[in-house]
Amino acid sequence: PISKTKYPSKSLSSVELFLTIKPTKEYTELGILKVTTYKINTNSEQNHQLLKEKAAEIVADAIIILETETTSFVNYGDGKTYMGKVYRAMAIIYK
């Protein structure tokens, strides 16, 4: 373990989501969470939910959604290039 400090586990519903504003409470950044989807027309809400699940696992109080990036990758099975999206969020814990 990185720390001996024990934190209470978080329920998914207790993790707050910030899209356009930052929290007004003081907080510490825990790290960046990522979800990659290989469908260009993916549902943002569904991916934000996946980010919240990851945040709950690390006992974050909230996530601040960062920019979404379009990415491409090569499928080595067929050699074609496909597009996808990377959803990112900063996981935070309140002080």
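Details of the structure are given in the entry above.
Residues numbered from 1 in each chain as written. Predicted model: local features only at pLDDT ≥ 70, side-chain atom pairs only at ≥ 80, totals over all residues. Heavy atoms only, no water.

Asks: Help me understand the environment of Leu33, please; the structure alone is not making it clear to me.
Replies: Residue placement: Leu33 occurs in strand E2 (residues 27-37). When its relative accessible area of 11% is taken as the criterion, Leu33 is described as buried. For Leu33 and Ala89, which are 56 residues apart along the polypeptide, the C-alpha to C-alpha distance reads 5.2 Å. In contact with Leu33, other than residues within four places in its own chain, are Leu51, Lys54, Ala55, Ile58, Ile63, Tyr87, Arg88, Ala89 and Ala91. (Helix = DSSP H or I, 4+ residues; strand = E, 2+ residues; numbered from the N terminus. Buried < 20%, exposed > 50% of the residue type's maximum accessible area, 1.4 Å probe, protein only. Contact = heavy atoms within 4.5 Å.)

Asks: Explain the pairing of strand E4 (residues 69-74) to me, please; I cannot follow it from the model alone.
Replies: Taken residue by residue, a regular strand's side chains alternate between the two faces of the sheet. Across 6 bridges, the pairing between E4 and strand E5 (residues 81-94) is antiparallel. Paired with Thr70 across the two strands is Lys85, which belongs to E5. The turn joining E4 and E5, which pair antiparallel and follow one another in sequence, is formed by 6 residues; a positive phi near 75° is taken by Gly79. (Pairing = 2+ DSSP bridges.)

Asks: What exactly am I supposed to notice about the pairing of strand E3 (residues 62-65) here?
Replies: With burial as the criterion, each face of E3 is covered, one bearing Ala62 and Ile64 and the other bearing Ile63 and Ile65. Two strands pair when backbone bridges link them, and strand E1 (residues 16-18) and E3 are joined in this way by 3 bridges, in the parallel orientation. By the bridge assignment for E3, Phe18 is matched with Ile64.

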